[in-house]
Every structure is written in C-alpha cells, then in structure tokens.
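# Examining the three-dimensional arrangement
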Amino acid sequence: MTGRRGGRPLVPAYLSTGGVARPSRPHLERLTVLTRDGTPLPAGLPAAELALLELLSGGALTVVEAAALLRLPFSAVRVLAADLVDRDLVQARAPIPPAERFDPDLLKRVADGLRALKHQ
C-alpha cells in the first residue's frame, strides 16, 4: 500500500484482495472486532493479509479501524478479514449492541425508595 503523490495508493484495492470482491463471511460489519491469537503464520500469505495481521498483533481493532490504518476501502478489508477468519488466524466478534435506554419509571421508583430510606 505504498502511496504516491496525490494520496492515491500505488496498488489498486481490488488487487490487495486477490481480485475477490465479496467476503466469504457477509456478517462482518464496520464495528466487528477483530483479534489475533498466537497462532503461527503460515508461509505464503499475501502482503495485505500480513499487514492486517501485523496491525492486530498490537491488540483488537474494528474492521473500519483496520481499513483506516491500512488505507484500504472497508470492503477490501472485509474480504481480507473474512479470509483470515476462515483460516483461523483471526477471530471476529460481533459488535457490542448499544445499551438499551433506561426506564424512567424504574429510575423514579429507585429515587423514591432512596428518599424513603433517607427519612427513616
């Protein structure tokens, strides 16, 4: 992913995926968390996959964070990550869903209960 003047990459993104356009695991989302364990790397991995594995050696990243750091489109990194998950070199965890909104009625009852305890 060597850059040149103008900020465009020297190698087109589709070549970094070996020409594959769709990931084998369509459930990978922007906020899917990727982690790497200590599995030894097999020989002959493409440069883009090695770059992604190197990023993940520092800790967990979301797919979109990895795309930004690799300066590749999200769609290309999805393909790379799916291939690494298929080879058991990377684990993918679904994003943590946003917490449900609080129940105002429950908060009111807790506040009333605390006030009642205070006045005892």
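Right, let's walk through the structure included here. (Residues numbered from 1 in each chain as written. Predicted model: local features only at pLDDT ≥ 70, side-chain atom pairs only at ≥ 80, totals over all residues. Heavy atoms only, no water.)

## Description of the overall build of the chain
- When you go through the chain residue by residue, the secondary structure sums to five helices and three strands.
- Starting at the N terminus and ending at the C terminus, the chain contains elements arranged as α-β-α-β-α-α-β-α.
- Taking all 120 residues of the chain together, the buried fraction comes to 27%.
- Entry remark: accessible area of the chain is about 8,400 Å², with carbon and sulfur atoms responsible for 58%. (Helix = DSSP H or I, 4+ residues; strand = E, 2+ residues; numbered from the N terminus. Buried < 20%, exposed > 50% of the residue type's maximum accessible area, 1.4 Å probe, protein only. Areas by Shrake-Rupley, 256 points an atom, 1.4 Å probe, with all protein chains shown as cover.)

## Regarding the nonpolar core
- Ranked by size, the top nonpolar core spans 22 residues in total, and within it L34, L52, L53, L56, V77, L84 and V90 carry the most contacts.
- Every element with two or more residues in this core is listed here: α2 (47-56), α3 (63-70) and α4 (74-86). (Core = buried A, V, L, I, M, F, W, Y, C linked by side-chain atoms within 4.5 Å.)

## Notes on the sheet that holds strand β3 (residues 91-93)
- Spatially, the three strands line up as an open sheet ordered β2-β1-β3, and their pairing is antiparallel. Each of the sheet's edge strands pairs with one partner strand only, and the pair in question is β2 (61-62) and β3.
- Direction of pairing for strand β1 (residues 33-35) relative to β2: antiparallel, over a ladder of two bridges. Within β2, the residue paired with V33 across the bridge is T62. (Pairing = 2+ DSSP bridges.)

## Focus: the packing of α3 against α4
- Two elements in contact, α3 and α4, have axes separated by 9 Å at closest approach and are oriented at 110 degrees. By the angle class used here, α3 and α4 are roughly perpendicular. Note that α3 runs across α4; the crossing there is right-handed. For the pair α3 and α4, contact is made by V63, V64, A66, A67 and L70 and by F74, V77 and R78, respectively.
- The residue inventory of the contact of α3 with α4, partitioned by class, reads seven nonpolar, no polar and one charged. (Axes fitted to C-alpha atoms, helices over the stretch in contact; angles between N-to-C directions. Parallel < 35°, antiparallel > 145°, perpendicular 65-115°, else oblique. Left-handed = near helix turned anticlockwise from the far one by under 90°. Contact = heavy atoms within 4.5 Å. Nonpolar A, V, L, I, M, F, W, Y, C, P; charged D, E, K, R; others polar.)

## Focus on a nonpolar patch on the surface
- Taken together, the side chains of L106, V110, L114 and L117 make up a nonpolar region of the molecular surface, amounting to roughly 390 Å² of accessible area.
- Mapped onto the elements, L117 comes out in helix α5 (residues 104-118).
- L117 sits in the exposed class, given a relative accessible area of 57%. (Patch = residues over 30% accessible without salt bridge, like charges linked within 9 Å, V, L, I, M, F, W, Y side chains within 5 Å. Salt bridge = Lys/Arg side-chain N within 4 Å of Asp/Glu carboxyl O.)

## Comments concerning the environment of L52
- Inspection of the secondary structure puts L52 in helix α2.
- Sequence separation of L52 and A66 is 14 residues, and the distance between their C-alpha atoms is 7.0 Å.
- Setting aside anything within four residues of it in sequence, one finds L52 in contact with A66, L70, L80, A81 and L84.

## A short note on α2
- Along α2, the positions that sit buried rather than exposed are A48, E49, L52, L53 and L56. Buried residues in α2, looked at end-on, bunch into an arc of 140 degrees, giving them a common side. Those residues of α2 that are exposed and angled more than 90 degrees off the buried face are A47 and E54. (Arc of directions from axis to C-beta.)

Any functional reading would require information beyond the geometric quantities listed.
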